[in-house]
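Inside the fold
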Amino acid sequence: MYNNIYVKDWVEQMAALTQPDNIVWCDGSEEERERLTKEAISTGEMIELNQEVLPGCLYHRTAENDVARVEGRTFICTEKKEDAGPTNNWMDKSAAYAKLGALYAGAMKGRTMYVIPYIMGPASSEFSKVGIELTDSIYVVLNMRIMTRMGKVAMDFLGDSAHFIKGLHAKKDVDPENRYICHFPEDNTIWSINSAYGGNVLLGKKCFALRIASWLGRQEGWMAEHMLILGVENPKGDVQYITAAFPSACGKTNLAMLIPPKKYEEMGYKVWTVGDDIAWLRIGKDGRLWAVNPEAGFFGVAPGTSMKSNPNALLTCQKDTIFTNVCLKPDGTVWWEGMDKNPPAQAIDWLDKPWTPDSGVKAAHPNSRFTAPAKHCPCISDKFEDPNGVPVSAIVFGGRRAKVAPLVYQSFDWEHGVFVGATMASETTAAATGAVGVVRRDPMAMLPFCGYNMGDYFKHWLEMGKKIPNPPKIFNVNWFRTNEEGKFIWPGFGDNLRVLLWILARCNGEVDAVESPIGYLPKAEDIDLDGTDIDLDTLKGLLSIDMDSWTEEVKDQAAHLAKFEKLPEEIKAQYEALKKRLGV
Ligand code: OXD
Ligand code: MN
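The structure reproduced in this document is the subject of the present report.

The rules behind these values
- Residues numbered from 1 in each chain as written.
- Chains lettered and ligands numbered in written order.
- Predicted model: local features only at pLDDT ≥ 70, side-chain atom pairs only at ≥ 80, totals over all residues.
- Heavy atoms only, no water.
- Phe/Tyr/Trp six-rings, centres within 6.5 Å; stacked < 30°, edge-to-face > 60°.
- Buried < 20%, exposed > 50% of the residue type's maximum accessible area, 1.4 Å probe, protein only.
- Helix = DSSP H or I, 4+ residues; strand = E, 2+ residues; numbered from the N terminus.
- Lys NZ or Arg CZ within 6 Å of the ring centre and 35° of its normal.
- Salt bridge = Lys/Arg side-chain N within 4 Å of Asp/Glu carboxyl O.
- Axes fitted to C-alpha atoms, helices over the stretch in contact; angles between N-to-C directions.
- Left-handed = near helix turned anticlockwise from the far one by under 90°.
- Contact = heavy atoms within 4.5 Å.
- Nonpolar A, V, L, I, M, F, W, Y, C, P; charged D, E, K, R; others polar.
- Near = heavy atom within 4 Å.
- Polar contact = N/O pair within 3.5 Å; in protein donor to acceptor, adjacent residues only side chain to side chain.
- Areas by Shrake-Rupley, 256 points an atom, 1.4 Å probe, with all protein chains shown as cover.

The next subject is the packing of aromatic side chains. Inspection of every chain in the model, using the stated rule, returns 22 aromatic pairs. Ring plane angle 65° and centroid distance 5.4 Å describe the contact between Y264 and Y269, whose orientation is recorded as edge-to-face. In this pair, the class of Y264 matches that of Y269, namely buried. With 6.1 Å between their ring centres and 80° between their planes, F475 and W502 make a pair best called edge-to-face. Of this pair, F475 sits in strand β29 (residues 473-477) while W502 sits in helix α13 (residues 496-507), placing them 27 residues apart in sequence. On the basis of relative accessibility, which here comes to 1%, the residue F475 falls in the buried class. Judged by its relative accessible area of 1%, W502 falls in the buried class. Linked through ring pairs, Y97, Y104, F184 and W191 together constitute an aromatic cluster. Over the ring of F449 we find K206, and its NZ or CZ is 4.3 Å from the ring centre. Residue placement shows R506 over the ring face of Y520; its charged tip is 5.2 Å from the ring centre.

Spelled out as structure tokens, the structure:
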């Protein structure tokens with residue numbers, strides 16, 4: 001039990017509402033982990049995996065109807081609709097409290113309420129922030145243990161302050177009709193009910209570190225972004241840092257943990273992971289932009305993760321990891337599509353049904369996950385716990401575009417870079433519910449995560465650009481261009497380092513570029529192809545701009561930008577300038 005009176009009062013109020021049988025205050029100790037793990041195993045909520053092969057690892061299945069974030073049921077609840085903006089679902093604040101309050105009433109009867117204090121950001125950093133999540137799910141407690149700095153450390157950090165994010169989660173009946181993920185940024189509050197899937201219930205992640213934090217960042221002069229953070233070390237031992245925003249399931253985790261091609265490894269290049277999903281960005285005393293990863297673990301998509309695509313991720317989740325909705329093998333280990341070419345002859349699938357390679361269904365859900373401690377990652381950066389984070393040289397936007405976007409280009413300046421981010425698009429994937437394979441505009445990959453009016457968000461980006469004396473350069477990448485047969489042309493994975501090196505060379509003023517209507521393009525000779533199957537002509541194709549596609553693209557951009565009644569003048573001007581440069 002802790003002594004902060006603000007925390008105590010609020011926990012009492014929430015307990016009066018939800019009426020749990022018991023309240024357990026989490027301290028984050030090893031003893032607590034063992035006790036809760038034992039309990040979850042005894043009730044069947046978690047399954048203990050083979051402890052010889054996967055020590056400390058657990059397995060969990062969610063309900064069949066509860067396997068992804070639910071954007072349609074995610075709300076920003078403010079007094080004024082305008083503050084949520086055109087891209088968020090909005091609910092009137094009082095109406096939302098009333099509606100969810102009725103659902104929470106008595107929702108924890110017969111259950112235990114766990115009080116989880118946690119820090120987003122290193123415990124040693126003055127920029128970190130505390131949240132408290134109340135939940136009736138041990139699965140949530142054990143995941144939050146991995147994803148955040150949790151327990152006594154957070155209460156010590158909070159001291160007697162009233163500044164913490166109040167998160168309430170009740171699993172209730174996991175009823176999709178009454179599932180709500182509600183954010184009250186004016187009150188630093190998050191209410192989530194009727195789900196038990198990570199993105200909806202690990203409230204420190206998308207709910208706090210992006211939606212609430214983006215709101216706070218705007219007020220306090222910093223940015224919360226859906227970005228990985230990585231460091232590229234050159235053979236001299238100098239490390240430069242890049243952040244990158246791609247929509248969900250576009251390979252952020254893979255890029256963050258990239259293994260250099262053999263030739264580069266031999267030369268002494270290394271890539272260090274600071275974060276794979278979220279970056280909190282502040283202006284440092286030196287006038288540069290600095291990035292911190294507020295999380296302590298990775299909540300990665302399992303399918304497709306292999307020793308080929310991402311060995312570092314696979315090695316990270318060999319111990320102390322929670323696997324959700326993957327396939328369970330008879331020897332108590334796990335498998336998923338794309339892990340290797342050896343599917344188990346028999347197994348139990350994510351729906352708890354017997355499975356064989358001939359079953360005709362996926363063994364693991366396409367959005368099945370691993371929750372793994374960042375400290376187990378073989379390439380974790382030595383700056384991971386640095387209270388100031390790392391200085392950012394380049395910001396990279398990107399997405400899956402089969403045709404339009406070239407492999408890489410650089411924006412003309414910050415303002416143009418904000419326009420590039422604001423018009424970013426990608427094909428949808430399985431990380432969110434809804435249609436798969438449809439192109440959707442996803443500004444800065446923040447469409448599902450911006451906690452306020454996106455017109456104001458663009459404005460905030462523009463204002464930040466004016467305030468950063470030495471801002472990062474802004475780029476766009478597209479690893480996903482396809483040929484006539486629909487096959488990816490660029491090899492991707494480790495070879496993406498070749499593109500990152502061009503980006504850094506541009507940041508360091510070491511290489512020229514070709515001015516094009518959409519931005520600065522590399523000269524094909526400046527991206528090293530030695531050791532790939534790509535020839536110079538193919539690369540030239542990857543860097544080409546097809547006028548027909550871009551004519552369509554600007555039309556589609558116009559329809560997208562028209563949605564924002566608060567679109568800053570600068571973005572409108574950037575759009576007009578692009579059209580003019582393209583001559584359309
Ligand atoms: C995620 C997502 O889980 O973006 O990181 O969906
Ligand atoms: Mn994400």
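There is more to say after this.
What follows concerns the pattern of salt bridges. Tallied over the entire structure, the rule returns 34 salt bridges. Ionic pairing is found between D495 and R498, a salt bridge with its closest N-O pair at 2.9 Å. Across the pair, exposure class does not vary: D495 and R498 are buried alike. K555 is the partner of E552 in a salt bridge, and the nearest nitrogen-oxygen pair spans 3.3 Å. Taken together, the positions of E552 and K555, both in helix α15 (residues 547-561) and three residues apart, correspond to about one turn of that helix. Here K555 falls in the exposed class, since its relative accessible area comes to 52%.

Further remarks concern the packing of helix α2 (residues 30-43) against helix α4 (residues 138-147). At a closest axis distance of 10 Å, the pairing of α2 and α4 adopts a crossing angle of 145°. Seen from above, α2 lies across α4 with left-handed handedness. When α2 is examined against α4, the residues E30, E32, R33, L36, T37, E39 and A40 are found in contact with a partner set consisting of I138, V141, L142 and R145. Along the lines of polarity and charge, the residues of the contact of α2 with α4 split into five nonpolar, one polar and five charged.

Turning next to the site of ligand 1. Taken together, eight residues are adjacent to ligand 1, and R69, K206, S248, D277 and R369 come closest. Within the side chain of R69, one N or O atom sits 3.0 Å away from an oxygen atom of ligand 1. In isolation ligand 1 has 210 Å² of accessible area, and contact with the protein removes 92% of it. By residue class, the composition of the shell around ligand 1 is two nonpolar, two polar and four charged.

A separate point is the side chain of N325. Positionally, N325 belongs in the loop between β19 (322-324) and β20 (327-328). Residue class for N325 comes out buried when judged on its relative accessible area of 2%. In this structure the side chain of N325 is engaged in a polar contact, spanning 2.8 Å, whose partner is the side chain of T62. Contacts of N325, omitting those with residues within four sequence positions, involve H60, R61, T62, V67, W350, A364, H365 and S368.

Everything listed here is a matter of geometry and, on its own, says nothing about what the molecule does.
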